[in-house]
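# Geometric and topological summary
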Amino acid sequence: MNSVLINAVLSGSPDYDVLFASLSWPPESWPGTERVEALTAFIEGLGAFLSNSNTTRFTAAKKQRIKDQIESVIWTQSLPLLARISAEAETLRCRESTAAVCRLVSVCVPLCDAAVAGRVALTVLPSLQLSEEELPGVGRLSVEVASEVIAAVLPSLSADEQLTLTTLSSALSCIKTLPDALVSKITVRLLLTLLSCCSGARISSILKLILDDLCSWHSTDRTPVVTERALLCLTALSDHLLIPHGLPPSSSDSEPDPRLYLQFWRMVQDGLTHRDSVSRKRSLYLLKRCVAMSEEQGVDCPLPPSEEDETLFKWAPSSSKLLREFWEDYALVMETLEENQIHVVRPVLNRIDTLIQTTANDSQVSSQGLFHPSWLLCVYQRMFHSENKSLMREGVCHLLELQVLQQPAFALAFSQFIIGPFMDVLSESSLFHKAADQSVGDCPELAAKLQDFMTNFFRSLPSEARGPVLLQLMQHLGSKHWCAVPLLFISQALSKLSPGPLLGVDGLTALREVLRCTMITHQVLLRGAAQCFLLKSALCLIDVNTVTLDDFFSFLMHFRADESLCRGTQVWNQLCAWLSDNEGRFKPRIMDGDRTGDATNKETVRAYVQAEIHTYLRVPASTGQTEGVPDSREADKLSRSILLCVDMERWRGAEVGNTLESLLSPLLDTLSRVSTNIYLPVCKSDKSLQLVLRLLKLGGSLSRLHGGEEQADNVMVAMKKLIFSLVDPIQEFILRRLCGELQELFDVERAELYLCVLMQLVVMYSSTPQQKYFSKLIKYSLKILQEPSQQTPSVANQVARAVAMATLAMVCGLVEQQVVDMQLETLSVLRPLNDFFYNPVSSQSQSTLGYFNKRLPKPQTDSSSEVGLQGTVLQDWGRTAAHFMRDQWICLSFLIKAVGVPESVEISRVSETLDSALSCSVEALALLPSDLVLPVFTFMETVLPQLIHNKENLCVEAVTLSWQLVQGLSTNAHDFWPALKGFISMAFHHKLLKLTDAEAPMLIAAMKQIAAALMELSESKSGVFSVLFQHCSQTWLPAGRGDGNHDDTDFSSVFNHINILTEACVYGPVFRRDQRLIQDVQTYVGQLGEECPANVVVTSNQASVKYLIEWMMILILVQYPQHVDSFWACFSMDHERTKTSICTFLSVLVHFNVIIPLLKDQAVQLRKALDIILQWCFNHNFSVRLYALLALKRVWSLVEVRGEEGSDYFGGLSTVIKACLNQAEAMQNTGNANKNWIRIQEHFFFGAFHPIRDYSVETIFYTFPSLSELADDEWIPPWKFEKLSCFSESPTFPLRNPAPDLSQLQPGDWIQQDKGEQDKEERWAEVQKKITPWRLGIQEQEPELQLVTQQRAARLGKLHGALLVVASLIDKPTNLGGLCRTCEIFGASALVLDSLRHISDKHFQSLSVSSELWLPLLEVKPLELTDFLQVKKSEGYCIVGVEQTANSQSLQDYQFPEKTLLLLGNEREGIPANLLQLLDVCVEIPQQGVIRSLNVHVSAALLIWEYTRQHMTSGSSEVNSKYN
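Summarised in this report is the structure supplied together with it. (Residues numbered from 1 in each chain as written. Predicted model: local features only at pLDDT ≥ 70, side-chain atom pairs only at ≥ 80, totals over all residues. Heavy atoms only, no water.)

## Description of the environment of Ser1183
We apply this condition: Secondary structure elements are defined from DSSP: runs of H or I of at least 4 residues count as helices, runs of E of at least 2 residues count as strands, and each element is numbered from the N terminus.
Locating Ser1183 in the fold gives a position in helix α55 (residues 1182-1202). In this structure the C-alpha to C-alpha distance between Ser1183 and Asn1236, which are 53 residues apart in sequence, comes to 9.3 Å.

Following this line, the structure appears as structure tokens:
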């Protein structure tokens, strides 16, 4: 209609100037779309008249005037309006106006001069180069608008080749630099428009330019972002690039063929393994198009001979069928892997085997095969990147069993993949869980496969490639941080490699970096085991001809003596043997002064050690300047070298004493002169003492390894003998230095060295008289401390005070440990120290203790002292001051036990003094760093029992603050355990445990609260509760029992804390899957025995107690038959919620034959039993009926044996009972019912087991758990009890079972009804069925990775957002059930609960209506919420809380980010204060009523709906914008 109207208007010869003026708009205005379209239609109509050469309507001048007006529309109307549109935010109006104006430009440009199109393009092209942050300036267009304008003028530019290439270059530049959202628009609008405007050779040249540019970009910057954008462009251009042509693919006249580009195939392979699913889809699309194109063309690709060094894709018409089947299978596998669910993927895994076999066969037929192995790596890498851990594990196991890797060519082709992606995926700890059919202590299935794989892989590599590949592997391992479990098993696999000279100096450096990774793990046992395996790897793989002895001993420094490389261990002995075997083969060192640079003399270990000792003790003369303490690592290295050398010589038969004396003669000479030679450099004396200290500690580790038992260690005997003659000179030197010579800042650290040496000598030579030394030390130190404090403290004064306090702490510690005899003389010297601490500051009535918590102010120095090393010490003065206060409490904790309150304190003020002392100890908890408070706990342990009756409030405060401090250390494994043991010894002191509620109600309440907190903490930190219960047991059942009355008093206190005892009886936290993994691996390491010196015994588990409870009830009735009436009452409870308990009670009646002989009125009791059993024979639950029938059969047999079935008691029942039993026996024709009847009768508990005869340790701890089909980590074999020195066997409680009946049984397959549903799931495990997402999550994945992709929802077309709802603080099942339903309906990604046990609650299920089956559920305990929220923050989640705060935002105003975590508060308290600080925003719901709070489920539902509404709206907008 528009064209008709326009033609009608123009045919009447109107005034064109008036028409132009009326249809145009003012320069500063924004016309409506209709007006722009009208002007467009008018100019389009004019174009028809202007192009008609036959018309006489327009003169040449008029034509030119109209053209000028049309061009003016472009410059004065269109481009200014587009600039105005660019300055506005993106709206529907902007999009409509842009389209209309660009249409106007596309109509105007062809009617103007030919140069106009070029000028418009050159004007607009700079706008395409705007960066993401840069905004369009005045007159500049936005990128989106500029791309539309260029697309509008491109048809008019096709004749200008140079300008076309300029536009193409700008478009390609935009693809590389613009934000992701604009890349697809540029690709579609510019590149496709440009190609549509060209034809023939022009299209070919443009495509070649694009392809070359993308390939070049990807080759220089091979990143995921580049791959993603390049694939987007290639997919968009695929209709131009990938169409069959008649010419062969190598013809220069044909269009460019991507199949001939190596970089194109690298892009496709990178895309197949890309993290972005869209990029993976694009890559697979391109691959399919290439295969289809190759098959349709039917020619070789590439044509032989290929110029490429490497060809990733080949096609041969002669093998068309084989190639088509291969690529069809390949595409099927890659598409199926997108499903991300193992039950869907597993059926196609055999296709992977087919692909591998095809590739292997092809490589054997021809060296230039049709299938490149790198395509197989894409399959594995895709599996490794899967979000589903089961699929990831399947991929790893499949690769480990890959037989073709035993072919050298394949092994070499896979080597870089093994070094990189494969090692990366092995860093996932969950892969190393033991298989279902494995026992605890077995090597995990994947770890065992890894050992075989690594051995075969390196054996298959060409010999010249093994060393470089192994070095790259080591370097990759050292380039990242590893969790303990993966690194342990990778290290073990490396230790199993075939011995060979593969690693040189670079290899040792790489191994050292791997060792650095092991030092950051928290599991000490696994850390030590990994070190052991890495050392074994080094001994097998080092090329000794390329490393020097110094290189090797420097490498050994990184193995910790207290974790792996310890004297007397198997690894130490292997190391000595290895050094002995390779002695003389190491690369010689180039010594100082060797100008040739080439050493030819082979160096022995002994010669090396002797040279090192001389070098170590060669120090320059003292310059008089202040010197720091030498680096102790030199002494570590040298002491280990000496001990290894001596052990080597000892095994060779050399006399140990002579060897040691010969080696240590320079050291012994220095030490003999240390107290007399005043010119001896301080550095030399320090280094000598450091070396002695390290030798004594490292050498003495052998006795510590064997539990302190005396071992025949000739080396240490000889060393003690050599040093014994030097004890006096050393002690005299140390005494002189400690008594007045230490006055510099460095001397604080030097004093620490002296005290350590002194302690070591005292411990080692305890028989030597040290009384005179200690008396002098105590008196001098006390004198220093008693000197009045200086107003401006000097360095010398403060250092002397720090040294004096450290000395006194050392003496008190030695006396307390009974290393030094507590003689009267020693105590008499220490009493003034006690007086010094307790003397009040002033004589005022208020008692303020003089030297409790005394500070050590920072000394005043000149500016020159605050630079260099001394400046560092000064900056770290806070540590010195903290140690000064800690040393005070070491002294106080000893003195309060050894001396007590000073005699100078009046008796009437003793209690007040102790009160002040305890207050000071509470203050010390706040002043001291958490890792230094142990002496304060020890002091409190002594004082608390003395003050509890008078100062209960203060005692409770001390205990409470101490517990808070210990809780704060729970993430610090090094300091937590000592602090926990010290705290428990103090807070649960045996005198405090004996108190009753009436005696100390507040303290008992606090103790119970702390005990409950300890139990809760033990859920996430294994071993905590064991520390508590072990300590309490020592009070309730002391080892050295005295008189009976005293024992009874001790034991009776257990009833004050029955909660601890009952928890111990049924204790067993359900550990998270990652914690169970650590425990399993620790058990495995423990079973390695001496093979792994880091070995310790680790035990912790949850015992299942069903059969034990039943057995215990039987034994109670046997021992106390008077309680039988209480047992009958159990059958009258609320059985709707205790049907499993009824089965337990009926199980007791199955063994009624051992109870009835002990009961009075046996006939009455039998009748009572039968009456009760008969009621349950008709229960609606099948399992209850089955248990009741078995109990009926056994009890009735007792009646029959007594011959009383016809008596008055039983006559009426006889007919009914026999009918029931006949019915049970008749079940033989009813299939599964018959099987269950047979199985329950043959079950061990109802068959071979006898409650009295089989009462033994073996039955309780080993036989019952094994026959109950419990996890084998709950079994405790009898031999472990035999190793316990405290275990004593008795006739009434034997260790082993006297009868072999039980031990010969296999676990029965009768499963009680509470496991029936689980069995049903397992029975159908191999059939494709609907998956329960949360079950897969809990069973197969780590806690943080249970949020699996919602495949079901995607197929149903439901939109699932990234909303994560955390309800761990909610405890009511009804609220949780409703919340679960709401989350599933509105597509939340997951719901977090405090326990997954809620889902079995009938109240939960009544409101959830099965929604828990379709919503991922995650378990996070309230204690774990802090860590969980921080993890989610790091993943980009915005933490939103439903809480009214000063800064909370109204729900109606808040815009939810896509990744939102909604934290819901408790029904009563809301969100705890400690979690509020983690919130990014608080949202409140506007209210108008009087009541100010909503139900938590209702509040959550409102927020979840608002989130869904916002993101459904935004999602719809995005869809609309995509198609509009």
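We are not done yet, so read on.
## Here's the deal with unusual backbone geometry
Glycine aside, residues mostly have negative phi angles, and peptide bonds mostly take the trans form. To keep things clear, this is the line we draw: Exposed residues in this analysis have more than 50% of their type's maximum accessible area, buried residues have under 20%, and partly exposed residues fall in between, with area computed by a 1.4 Å probe over protein chains only.
Cis rather than trans, the peptide bond between Cys301 and Pro302 has omega equal to -10°. The topology assignment puts Pro302 in the loop between α14 (277-297) and α15 (320-337). Positive phi is not limited to glycine here, since Asn853 has a value of about 60°. Considering the arrangement of structural elements, one finds Asn853 in the loop between α38 (824-838) and α39 (868-875). Taking relative accessible area as the criterion, Asn853 reaches 3% and is therefore assigned buried. Phi angles above zero are rare outside glycine, and Asp1161 is one such case at about 50°. The residue Asp1161 is located in the loop between α53 (1139-1150) and α54 (1162-1176) in this model.

## Some remarks on the sheet that holds strand β4 (residues 1438-1442)
The criterion, for reference: Paired strands, in this sense, are two strands between which DSSP finds at least two bridges.
Ordered by their spatial adjacency, 7 strands build an open sheet running β3-β2-β1-β6-β4-β7-β5, and the pairing between neighbours is parallel. On the outer flanks of this sheet lie β3 (1417-1419) and β5 (1449-1450), each paired with one strand and no other.

## Topic: helix α2 (residues 16-23)
Defined as follows: In this description, the arc belongs to the directions extending from the helix axis to the C-beta atoms.
Every buried residue of α2 is listed here: Tyr16, Leu19, Phe20 and Leu23. End-on view of α2: buried residues confined to an arc of 100°, all on one side of the axis.

## Digging into the packing of helix α19 (residues 389-400) against helix α20 (residues 408-426)
The test is simple: Under this scheme, a helix contributes an axis fitted over its contacting stretch, all axes are lines through C-alpha atoms, and angles between N-to-C directions fall in the 0 to 180 degree range. The sense of a crossing depends on the near helix, which, turned anticlockwise from the far helix by less than a right angle, makes the crossing left-handed and, turned clockwise, makes it right-handed. Whether two residues are in contact is decided by their heavy atoms, any of which lying within 4.5 Å being enough. Residue polarity is assigned by list, with Asp, Glu, Lys and Arg as charged and Ala, Val, Leu, Ile, Met, Phe, Trp, Tyr, Cys and Pro as nonpolar; anything else, Gly included, falls into the polar class.
Packing of α19 against α20 leaves a shortest axis separation of 12 Å and a crossing angle of 145°. Taken as a pair, α19 and α20 cross one another with a handedness that is left-handed. Facing α19, whose interface residues are Met392, Val396, Leu399 and Leu400, α20 presents Phe414, Phe417, Ile418, Phe422, Val425 and Leu426. Residue composition of the contact of α19 with α20, grouped by class: 10 nonpolar, no polar and no charged.

## A closer look at a nonpolar patch on the surface
Applied cut-off: Patch definition: residues with relative accessible area over 30% and no salt bridge; like charges joined within 9 Å; nonpolar side chains (Val, Leu, Ile, Met, Phe, Trp, Tyr) joined within 5 Å. The method behind every accessible area is Shrake-Rupley, applied with a 1.4 Å probe, and residues are considered shielded solely by the protein chains displayed. Just to be clear on terms, a salt bridge is a Lys or Arg side-chain nitrogen sitting within 4 Å of an Asp or Glu carboxyl oxygen.
Together, Ile1109, Met1112, Ile1116 and Tyr1120 make up an exposed nonpolar region whose accessible area comes to about 360 Å². The residue Tyr1120 is located in the loop between α51 (1106-1119) and α52 (1124-1129) in this model. Tyr1120 sits in the partly exposed class, given a relative accessible area of 43%.

## Quick notes on the packing of aromatic side chains
So the rule is basically this: To pair, rings of Phe, Tyr and Trp, with the six-membered ring standing in for Trp, must have centres within 6.5 Å; the planes then decide the type, stacked if under 30 degrees apart, edge-to-face if over 60, and tilted in the middle.
In the structure shown here, the tally under the stated rule is 51 aromatic pairs. With centroids separated by 5.7 Å and ring planes inclined at 35°, the aromatic side chains of Phe313 and Trp327 adopt a geometry described as tilted. One end of the pair, Phe313, is in the loop between α14 and α15; the other, Trp327, is in helix α15, with 14 residues separating them in the sequence. In this structure, Phe313 and Trp327 share a single accessibility class: buried. With a centroid separation of 6.2 Å and an interplanar angle of 15°, the aromatic rings of Phe1025 and Phe1029 are classed as stacked. A residue pair is termed a helical-turn pair when its members lie 3 or 4 positions apart in one helix, as Phe1025 and Phe1029 do in helix α47 (residues 1024-1036) at 4 residues. Members of the aromatic cluster, each reached through a chain of ring pairs, are Tyr380, Phe384, Phe410, Phe414, Phe417, Phe422, Phe453, Phe457 and Phe458.

## Quick word on the pairing of strand β2 (residues 1390-1393)
A regular strand carries its side chains on alternate faces of the sheet. Basically, it comes down to this: Looking down the strands as they point away from you, a crossover is right-handed if its path from the first strand over the helix to the second goes clockwise.
Burial along β2 is two-sided: the face carrying Ala1390 and Val1392 and the face carrying Leu1391 and Leu1393 are both buried. Where strand β1 (residues 1364-1366) lies against β2, 3 bridges are found, and the strand directions are parallel. When the bridges of β2 are listed, Leu1364 appears paired with Ala1390. Remark: the β1/helix α63 (residues 1373-1385)/β2 crossover connection has right-handed handedness. Pairing of β2 with β3 involves 3 bridges; the strand directions are parallel.

## Side note on the nonpolar core
We count it as follows: By nonpolar core is meant a set of buried Ala, Val, Leu, Ile, Met, Phe, Trp, Tyr and Cys residues that side-chain atoms within 4.5 Å join together.
Among the nonpolar cores identified, the biggest contains 367 residues, and Ile43, Trp327, Phe422 and Phe988 are the most heavily contacted of them. Considering each element in turn, this core owes the most residues, 14 residues, to helix α37 (residues 795-816). Sequence-distant contacts of Trp327, that is, excluding residues within four places in its chain, are made with Leu287, Val291, Phe313, Trp315, Phe371 and Trp375.

## Some details on the packing of α54 against α55
Using the following cut-off: By definition in this entry, angles of less than 35 degrees are roughly parallel, angles greater than 145 are roughly antiparallel, angles of 65 to 115 are roughly perpendicular, and the rest are oblique.
Look at α54 against α55: their axes get within 9 Å of each other, and the N-to-C directions meet at 155°. Classified by the angle their axes make, α54 and α55 are roughly antiparallel. α54 and α55 meet at a crossing whose hand is left-handed. Facing Gln1162, Ala1163, Leu1166, Ala1169, Leu1170, Ile1173, Leu1174 and Trp1176 of α54, the residues of α55 in contact are Val1184, Arg1185, Ala1188, Ala1191, Leu1192, Val1195, Trp1196, Leu1198, Val1199 and Arg1202.

## What to know about the pairing of β4
The element β4 is extensively covered by neighbouring structure, given that 5 of its 5 residues are classed as buried. Covered by surrounding structure in β4 are Cys1438, Val1440 and Val1442 together with Ile1439 and Gly1441, the residues of both alternating faces. The pairing of β4 with strand β6 (residues 1460-1463) spans 4 bridges and is classified as parallel. Bridging across to β6, Ile1439 finds its partner in Leu1461. As paired strands, β4 and strand β7 (residues 1481-1484) are joined by 3 bridges and run parallel to one another. Note on β7: the bridge partner recorded for Gly1441 is Cys1482.

## Focus: helix α7 (residues 143-157)
Inclusion rule: The span one expects for a helix is its residue count, reduced by one, times 1.5 Å. Two axes enter the bend calculation: one fitted to the seven residues ending at the residue in question, the other to the seven starting there, and the bend is the angle between them.
Taking 1.5 Å per residue, 15 residues should reach 21 Å; α7 reaches 20 Å between its end C-alpha atoms and fits that length. By the largest-angle criterion, Ala151 marks the main kink of α7, which is about 30°, and a proline, Pro155, follows within four residues. The element α7 is largely enclosed, with a buried count of 11 among its 15 residues. Among all positions in α7, only Val143, Val145, Ala146, Ser147, Val149, Ile150, Ala151, Ala152, Val153, Leu154 and Leu157 are buried.

## Here's the deal with the pattern of salt bridges
Within the structure shown, the criterion is met by 42 salt bridges. Among the salt bridges present, the one from Lys288 reaches Glu335, with a minimum N-O distance of 2.3 Å. On the criterion of sequence distance, the pair formed by Lys288 in helix α14 and Glu335 in helix α15 is long-range, its members being 47 residues apart. Residue Lys288 is classed as partly exposed on the basis of its relative accessible area of 40%. Look at Glu335 and you get partly exposed, because its relative accessible area is 34%. Connected via shared salt-bridge partners are Arg393, Glu401, Glu445 and Lys449.

## Section: the side chain of Ser204
Assignment of secondary structure puts Ser204 in helix α10 (residues 201-220). For Ser204, the residues in contact, after removing those within four places along its chain, are Glu255 and Pro256.

## Structural notes on the environment of Phe1244
Its location among the elements puts Phe1244 in the loop between α57 (1232-1242) and α58 (1257-1267). According to the relative accessible area criterion, Phe1244 is buried, its value standing at 3%. Separated by 61 residues in the primary sequence, Phe1244 and Leu1305 have C-alpha atoms spaced 7.5 Å apart.

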